[in-house]
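Residue strings, one per chain:
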Amino acid sequence: MDKTSSAPAGPRGVKRGRNPRGQGEQLREDIVGAALRLLDELGDDQALSMRAVAREVGVAATSVYIHFADRDALVLAALERFHRELVEAIDEAETDAADPAAKLRARVLLLGRWVQRHPGLYKVLHESTLNQRVAMSFKQELAERTTAAVQRCIDAGLAPADDAAAVSLDLRAAVHGAVSMRVNQPDLPWPPLEVQVDRFLAKLVGLPPTPGCRPD
């Protein structure tokens, strides 16, 4: 199962009955899941409507407004849930890696692969009008974990001593720039993601190149 695909699957537009008493929270989760599916398809928070979400869940639009005051509140809740599950998936991706350098590489690759699977959600998470208007403080968690991963490489002597926060920022800027360009300019002659990530890790973090990587 794709752990970053949290939106529950199910028949679209099928009218559902009234939730039993005490199951309002399940309806809220279903609404968030429906919003995630639609946002991934649309790639634009402004194109999402509360009525479309209601149809996706199979409820009246008034049921959506009971849980979310407006579209911004719903989109923010959807992005926060998706980001949380993305962080968990990235943490899990590094569990089988042998050393801090391999763990950092696994983290970066998982992020890139997630974007390849969910370009629409990536655009909403980082390029939407909501992102420009609302401080999404939850995104800082992933940045902090990347910095910690870089610091572990430095502490283990696998990367040169440096300011881990500054190195992490450079790495994240390069990775996000690359994946954003892949989303918005897919016809460019892109190298395999693994090759590009290895170049970033060698040039920006100072990790030894992995076999087959040509950082120059």
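These notes cover the structure that comes with them. (Residues numbered from 1 in each chain as written. Predicted model: local features only at pLDDT ≥ 70, side-chain atom pairs only at ≥ 80, totals over all residues. Heavy atoms only, no water.)

## Focus: the overall build of the protein chain
Stated formally: Comment: elements are numbered from the N terminus, with helices defined as DSSP H or I runs of at least four residues and strands as E runs of at least two. Remark: exposure states derive from per-residue accessible area (1.4 Å probe, protein chains only) relative to the maximum for the residue type, with buried under 20%, exposed over 50%, and partly exposed in between. Throughout, a residue-residue contact means that at least one pair of heavy atoms, one from each residue, lies within 4.5 Å. Here the accessible surface of atoms and residues is derived via Shrake-Rupley with a 1.4 Å probe, and residues count as covered only by protein chains that are part of the display.
For the protein chain, the helix and strand inventory stands at 10 helices and 0 strands. Counting across all 216 residues of the protein chain, residues that qualify as buried make up 44%. Residue pairs in contact within the protein chain that sit at least 24 positions apart in sequence constitute 68% of those at least 6 positions apart. When the accessible surface of the protein chain is totalled, it reaches about 11200 Å², and 53% of it is carbon and sulfur.

## Looking at the pattern of salt bridges
As a reminder, the rule being used: We define a salt bridge as a side-chain nitrogen of Lys or Arg found within 4 Å of a carboxyl oxygen belonging to Asp or Glu.
Taken as a whole and judged by the stated rule, the model has 11 salt bridges. The partner of Arg107 in a salt bridge is Asp91, and the shortest N-O contact between them spans 2.9 Å. Here Asp91 lies in helix H4 (residues 71–93) and Arg107 lies in helix H5 (residues 100–117), a separation of 16 residues in the sequence. Assessed through its relative accessible area of 5%, Arg107 is described here as buried. A network of salt bridges, in which partner residues are shared, links Asp91, Glu94, Arg107, Glu141 and Arg145.

## What to know about the nonpolar core
Put simply, the rule reads: Nonpolar cores were defined as sets of buried Ala, Val, Leu, Ile, Met, Phe, Trp, Tyr and Cys residues, with membership established by side-chain atoms within 4.5 Å.
One finds Val53, Leu74, Leu104, Trp114 and Val205 to be the most contacted residues of the largest nonpolar core, which totals 63 residues. Ranked by the residues each element gives to this core, the list is headed by H4, at 10 residues. Not counting residues within four places of it along the chain, the set of residues in contact with Val205 comprises Leu104, Val150, Ala159, Pro160, Val167, Leu171 and Phe200.

## A look at helix H10 (residues 193–205)
Every α-helix carries 3.6 residues per turn, so stepping three or four residues along brings you back to the same face. Heads up, the rule is: Helix span, as expected, comes to 1.5 Å for every residue beyond the first.
Here H10 spans 17 Å end to end across 13 residues, near enough to the 18 Å set by a 1.5 Å rise per residue. Looking at H10, one finds that the buried residues are Leu193, Gln196, Val197, Asp198, Phe200, Leu201, Ala202 and Val205. Among the structural elements, H5, helix H8 (140–155) and helix H9 (164–184) are those in contact with the buried residues of H10. Backbone geometry just after H10 places Gly206 at a positive phi near 90°.

## Details of the packing of H5 against H9
Quick note on the threshold: A fitted line through C-alpha atoms serves as each axis, taken over the contacting stretch for helices, and the angle formed by two N-to-C directions is quoted from 0 to 180°. Orientation is classified from the angle alone, with under 35 degrees giving roughly parallel, over 145 giving roughly antiparallel, 65 to 115 giving roughly perpendicular, and any other angle giving oblique. In this scheme the handedness of a crossing depends on how the near helix is turned from the far one: anticlockwise by less than a right angle means left-handed, clockwise means right-handed. Only Asp, Glu, Lys and Arg are considered charged in this grouping, and only Ala, Val, Leu, Ile, Met, Phe, Trp, Tyr, Cys and Pro are considered nonpolar; every other residue, Gly among them, is considered polar.
Their axes nearest at 10 Å, the elements H5 and H9 cross at an angle of 25°. When the axes of H5 and H9 are compared, the pair comes out roughly parallel. Considering how the two elements wind past one another, H5 and H9 form a crossing that is right-handed. Together, Leu104, Val108, Leu111, Gly112, Val115 and Gln116 of H5 and Leu171, Val175, His176, Val179, Arg182 and Val183 of H9 make up the contact between the two elements. A breakdown of the residues in the contact of H5 with H9 according to their chemical character gives 8 nonpolar, 3 polar and 1 charged.

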